[in-house]
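Inside the fold
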Amino acid sequence: MGQHYCDVAPGHPVHGHYHDYEYGFPIDDELRLFERLVLEIAQAGLSWELILKKREGFRRRLAGFDVDRVATLSEAEQAAFLADPGVVRNRLKLKAFMHNARCIQDLRVSHGGFAGWIAAHHPLPKEEWIKLFRKTFKFMGPEIVGEFLMSTGVLPGAHQAKCPVQRRILDANPLWHQETK
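This report concerns the structure included in the present document. (Residues numbered from 1 in each chain as written. Predicted model: local features only at pLDDT ≥ 70, side-chain atom pairs only at ≥ 80, totals over all residues. Heavy atoms only, no water.)

**Some points on the environment of R102**
Quick reminder of the rule: Every helix listed is a DSSP run of H or I at least four residues long, and every strand listed is a run of E at least two residues long, numbered separately from the N terminus. Whether a residue is buried, partly exposed or exposed follows from its accessible area with a 1.4 Å probe, protein chains only, as a fraction of its type maximum: under 20%, in between, or over 50%, in that order.
Along the polypeptide, R102 turns up in helix α7 (residues 91-111). According to the relative accessible area criterion, R102 is partly exposed, its value standing at 36%. Along the chain, R102 and T72 lie 30 residues apart, while their C-alpha atoms are 8.4 Å from each other.

So, in C-alpha cells, the structure goes:
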C-alpha cells in the first residue's frame, strides 16, 4: 500500500489546508456538497493537487457551485467553461455537473435536499452507496463515490487514527461515527 494522504498532505502548500480543515469533515450544506461532488468528478483521471489548484476556476465558472445556476448553464456559459484553462475542460464532465445539479434539485422535493437524501440512505455499505449514486447521478465510478463519501464524513477512512485531524473530525460527529456510538 502506498502512502496515506495524512503522510504527505500536512504542511503541503496545496494539500495542507484541505487535509487539515475539509477532508473527512461532515458536510450538510447543499452548496458545499455539490462543490465536493463536482471536484471529485473533475478529478477522475487527474491528480487531486491539480483539482485543488483549479478549484477557484471551477468556483468562478460554475457560479460559486450554485446548484440552480449550474443546472441551467447557457450554451455561452458552457462554451466559456470549455475554453477556460482555469478548469478541467471536459465536455462529459461538464454535462455531468449540469445533470447532477438537476438531480439535486429533484432531491429537494423528494428528500428536502442532497444532505437529506444522504441521511435517508445512511448507513449503507460502500458497494450499496456506489449502486445508489450510479442510479441517481452521472459520472459515478467507484472511486468518485468512495472519495466523495469519505471526504464528506459519510464513510470512514479519510484520516489515519494517529492523524491529529482525526480527533477534530470525531468531535464534528460525522455520519460514520454516529453509527459506532
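There is more to say after this.
**Brief notes about unusual backbone geometry**
A cis amide bond links H122 to the next residue, P123, at an omega of -5°. Examined against the element boundaries, P123 turns out to sit in the loop between α8 (114-121) and α9 (126-136). One non-glycine residue, F65, lies in positive phi territory at about 65°. One can find F65 in the loop between α4 (48-61) and α5 (67-71). A relative accessible area of 0% places F65 in the buried class. The phi torsion at N173 lies on the positive side, around 60°, for a residue other than glycine. As for its position among the elements, N173 is in the loop between α11 (164-171) and α12 (175-178).

**Digging into the pattern of salt bridges**
Side-chain pairs of opposite charge can arise where the charged atoms are in close proximity. Selection rule: For this analysis, a salt bridge means a side-chain nitrogen from Lys or Arg found within 4 Å of a carboxyl oxygen belonging to Asp or Glu.
The final tally for this structure, using the stated rule, is 13 salt bridges. A salt bridge links R60 to D84, with the shortest nitrogen-to-oxygen separation between them at 2.9 Å. Within this pair, whereas R60 is found in helix α4, its partner D84 is found in the loop between α6 (75-83) and α7, the two being separated by 24 residues in sequence. The salt bridge involving K131 is made with E128; its shortest N-O contact spans 3.3 Å. Of this pair, K131 and E128 both sit in helix α9, three residues apart, which is roughly one turn of that helix. Among the residues examined, K131 registers a relative accessible area of 54% and is labelled exposed.

**Re the nonpolar core**
Stated precisely, the cut-off is as follows: Residues belong to a common nonpolar core when they are buried Ala, Val, Leu, Ile, Met, Phe, Trp, Tyr or Cys residues joined through side-chain atoms within 4.5 Å. Residue contacts are counted whenever heavy atoms from the two residues lie within 4.5 Å of one another.
In terms of nonpolar packing, the biggest core is built from 50 residues, with F58, L62, F97, F114, W129, F133 and F137 touching the most fellow members. Secondary structure elements with two or more residues in this core: α3 (30-43), α4, α5, α6, α7, α8, α9 and α10 (142-151). Setting aside its immediate chain neighbours within four residues, F133 contacts L37, F114, W117, M140, V145, F148 and L149.

**Quick look at the packing of α3 against α8**
To keep it simple, the criterion reads: Lines fitted to C-alpha atoms define the axes, with helix axes restricted to the stretch in contact, and inter-axis angles between N-to-C directions lie between 0 and 180 degrees. Each angle is binned into one of four classes, with values under 35 degrees roughly parallel, values over 145 roughly antiparallel, values of 65 to 115 roughly perpendicular, and all other values oblique. Residues are grouped as follows: Ala, Val, Leu, Ile, Met, Phe, Trp, Tyr, Cys and Pro are nonpolar; Asp, Glu, Lys and Arg are charged; all remaining types, including Gly, are polar.
Their axes nearest at 8 Å, the elements α3 and α8 cross at an angle of 80°. Overall, the two elements α3 and α8 adopt an arrangement that is roughly perpendicular. Residues L33, F34 and L37 of α3 touch α8, and the partners they reach there are F114, A115 and I118. In terms of residue class, the contact of α3 with α8 is built from six nonpolar, no polar and no charged.

**Thoughts on the packing of α9 against α10**
At a minimum axis distance of 9 Å, the contact between α9 and α10 shows a crossing angle of 110°. The angle between the axes of α9 and α10 places the two elements in the roughly perpendicular class. Counted together, K126, W129, I130, F133 and R134 of α9 and P142, V145, G146, F148 and L149 of α10 form the full contact between these two elements. For the contact of α9 with α10, the class distribution of residues is seven nonpolar, one polar and two charged.

**Some points on the packing of aromatic side chains**
We count it as follows: Stacked, tilted and edge-to-face pairs are distinguished by plane angle, under 30 degrees for stacked and over 60 for edge-to-face with tilted covering the rest, among Phe, Tyr and Trp rings (Trp via its six-membered ring) whose centres lie within 6.5 Å.
Applying the stated criterion across every chain, the model contains 15 aromatic pairs. Ring geometry for F58 versus F97: centroids 6.2 Å apart, planes at 80°, classification edge-to-face. In this pair, F58 sits in helix α4 while F97 sits in helix α7, placing the two residues 39 residues apart along the sequence. Judged by relative accessible area, which is 0%, F58 ranks as buried.

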